[in-house]
Every structure is written in structure tokens, then in C-alpha cells.
Amino acid sequence: MEPLFALLIGVLVGTGVFLLLSRTIIRVVLGLAFIAYGVNLAILTVAGLRPDAPPILTLKGPYVDPLPQALVLTAIVIGFATTALLLTVALRAYQVAGHDDVEAFGDSLARDPDSPDGLDADASHLGPDEPTPPRTSTRRAARRSA
């Protein structure tokens, strides 16, 4: 059963990292949730997967340590709350900026509007929250213009 869990953990964490590296804010939030579920399964797997050993002490032994299961249950509750908070922040960022492109959010928090020199903290993000236009091939652009 451990190899199956190891494969599942690898798929969850790999998918989470892939989603985390994208530019869409919803994918970033889902990537964090996938990684959290992978870590929860890793904690359960490291604690030992024994279907014949319940964590309930009133039954006949052998017993399994209930601490990892309690930790994972707590982590699931905290993970749901964190995911809900991040989705709310993502929705608000979408409402304010009008897009969900993480790279185009810019560095508006680091800007000082009262700065006497008027310089931005990040010179590569001068425009406030404008997404980059999608790349089109030259053939498509030529067809559209014709």
C-alpha cells in the first residue's frame, strides 16, 4: 500500500507545483491546495499504513499511533480555511484589477505615491495592473490583417 501512496503523493505534489508555476491566480491557489493534500498523505504514510491496527484503544491491539491522524485532521481543517481565504483574496484581486494574471499585478504595493522622485520600486512593471496581450503567431496576425 505504501508504493501506491507514494505514487499518489508524487502526483499530487507534482500537479501542485505545476499549477503553482502558472500565471493564473486560481491555478496558484489550487496548486497550494494540492501540495497541502500531498503533504497530509505523506504524514499518514510516514506514520505507517496498517489496516489491521486501529488508533482506537478500546479495541484489541496492535494499535497505531493516533497522533499523525489527529495532525492530518487538524491540517485538513486549516487547509480548507486557508484555501477559502486565498480564493476570497483571489476573487477580490480579480475584481480590483480586472484580470487574473499574477505577473501583471505589478508592484503597486511597493510604490510610494508621495515619493518626491516618483520612482517605482520595480522598473519593469511601470503600468498598473495591465495583463500582457496573448501571443499570436505571425501567420494568424497576417490572416487577420488581410
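Worth saying up front: this structure is predicted, and the values here are computed from it rather than measured. (Residues numbered from 1 in each chain as written. Predicted model: local features only at pLDDT ≥ 70, side-chain atom pairs only at ≥ 80, totals over all residues. Heavy atoms only, no water.)

Peer 1: Explain the overall build of the chain here, please?
Peer 2: Summing up its helical and strand segments, the chain has four helices and zero strands in all. Of the regular secondary structure in the chain, the N- to C-terminal order runs α-α-α-α. Going through the 146 residues of the chain one by one, you find that 18% of them count as buried. (Helix = DSSP H or I, 4+ residues; strand = E, 2+ residues; numbered from the N terminus. Buried < 20%, exposed > 50% of the residue type's maximum accessible area, 1.4 Å probe, protein only.)

Peer 1: Any chance you could explain a nonpolar patch on the surface here in plain terms?
Peer 2: A contiguous nonpolar patch, built from L4, L7 and V11 and spanning about 310 Å² of accessible area, is present on the exposed surface. Note on placement: L4 falls in helix 1 (residues 2–20). (Patch = residues over 30% accessible without salt bridge, like charges linked within 9 Å, V, L, I, M, F, W, Y side chains within 5 Å. Areas by Shrake-Rupley, 256 points an atom, 1.4 Å probe, with all protein chains shown as cover. Salt bridge = Lys/Arg side-chain N within 4 Å of Asp/Glu carboxyl O.)

Peer 1: Can you help me understand helix 3 (residues 67–97) in this one?
Peer 2: Structurally, the α-helix is built with 3.6 residues per turn, so residues lying three or four positions apart point the same way. Its 31 residues give helix 3 an end-to-end C-alpha distance of 44 Å, which sits within 8% of 45 Å, the value for a rise of 1.5 Å per residue. Within helix 3, burial applies to P68, V72, A90 and A97. On its buried side, helix 3 packs onto helix 2 (25–47). Two residues or fewer past helix 3, G98 is found with a positive phi of approximately 85°. (Expected span 1.5 Å × (residues − 1). Contact = heavy atoms within 4.5 Å.)

Peer 1: Teacher, can you tell me more about the packing of helix 2 against helix 3 here?
Peer 2: A pair of packed helices is captured by two measures, namely the crossing angle of their axes and the spacing between those axes. Where helix 2 contacts helix 3, the two axes come as close as 10 Å, and the packing angle between them is 175°. One finds that helix 2 runs roughly antiparallel with respect to helix 3. Contacts between helix 2 and helix 3 involve I25, I26, V29, L32, A33, Y37, N40, I43, L44 and A47 on the former and, on the latter, P68, Q69, V72, A75, I76, F80, T83, L86, L87, A90 and A93. Of the residues belonging to the contact of helix 2 with helix 3, the class tally is 18 nonpolar, three polar and no charged. (Axes fitted to C-alpha atoms, helices over the stretch in contact; angles between N-to-C directions. Parallel < 35°, antiparallel > 145°, perpendicular 65-115°, else oblique. Nonpolar A, V, L, I, M, F, W, Y, C, P; charged D, E, K, R; others polar.)

Peer 1: Before we go on, may I ask you to explain the packing of helix 1 against helix 2 in this structure?
Peer 2: Taken N-terminus to C-terminus, the directions of helix 1 and helix 2 make an angle of 160°; their axes are 7 Å apart at the nearest point. On the basis of their axis angle, the class for helix 1 and helix 2 is roughly antiparallel. For the element pair helix 1 and helix 2, the recorded crossing hand is left-handed. Contacts between helix 1 and helix 2 involve E2, F5, L8, I9, L12, V13, T15, G16, V17, L19 and L20 from the first element and R27, V28, L30, G31, L32, F34, I35, Y37, G38, L41, A42 and T45 from the second. (Left-handed = near helix turned anticlockwise from the far one by under 90°.)

Peer 1: I would appreciate a short explanation of the pattern of salt bridges in the present structure.
Peer 2: Close approach of charged atoms allows side chains of opposite charge to pair. Under the defined criterion, the tally for this structure stands at one salt bridge. Residue R23 pairs with D101 through a salt bridge whose shortest N-O separation is 2.6 Å. Of this pair, R23 sits in the loop between helix 1 and helix 2 while D101 sits in the loop between helix 3 and helix 4 (138–145); the two residues are 78 residues apart in sequence, bridging distant segments of the chain. What makes R23 partly exposed here is its relative accessible area of 36%.

Peer 1: How do you make sense of the environment of A90 when you look at a structure like this?
Peer 2: Along the polypeptide, A90 turns up in helix 3. Owing to a relative accessible area of 3%, A90 belongs among the buried residues under this scheme. Taking the C-alpha atoms as reference points, A90 and I25, separated by 65 residues in sequence, lie 6.3 Å from one another. When near neighbours in sequence (up to four residues on either side) are disregarded, A90 contacts I25, I26 and V29.

Peer 1: Before we go on, may I ask you to explain the side chain of D101 in this structure?
Peer 2: Residue classification places D101 among the buried residues on the basis of a relative accessible area of 11%. Within polar-contact distance, the side chain of D101 engages the side chain of R23 at 2.6 Å. (Polar contact = N/O pair within 3.5 Å; in protein donor to acceptor, adjacent residues only side chain to side chain.)

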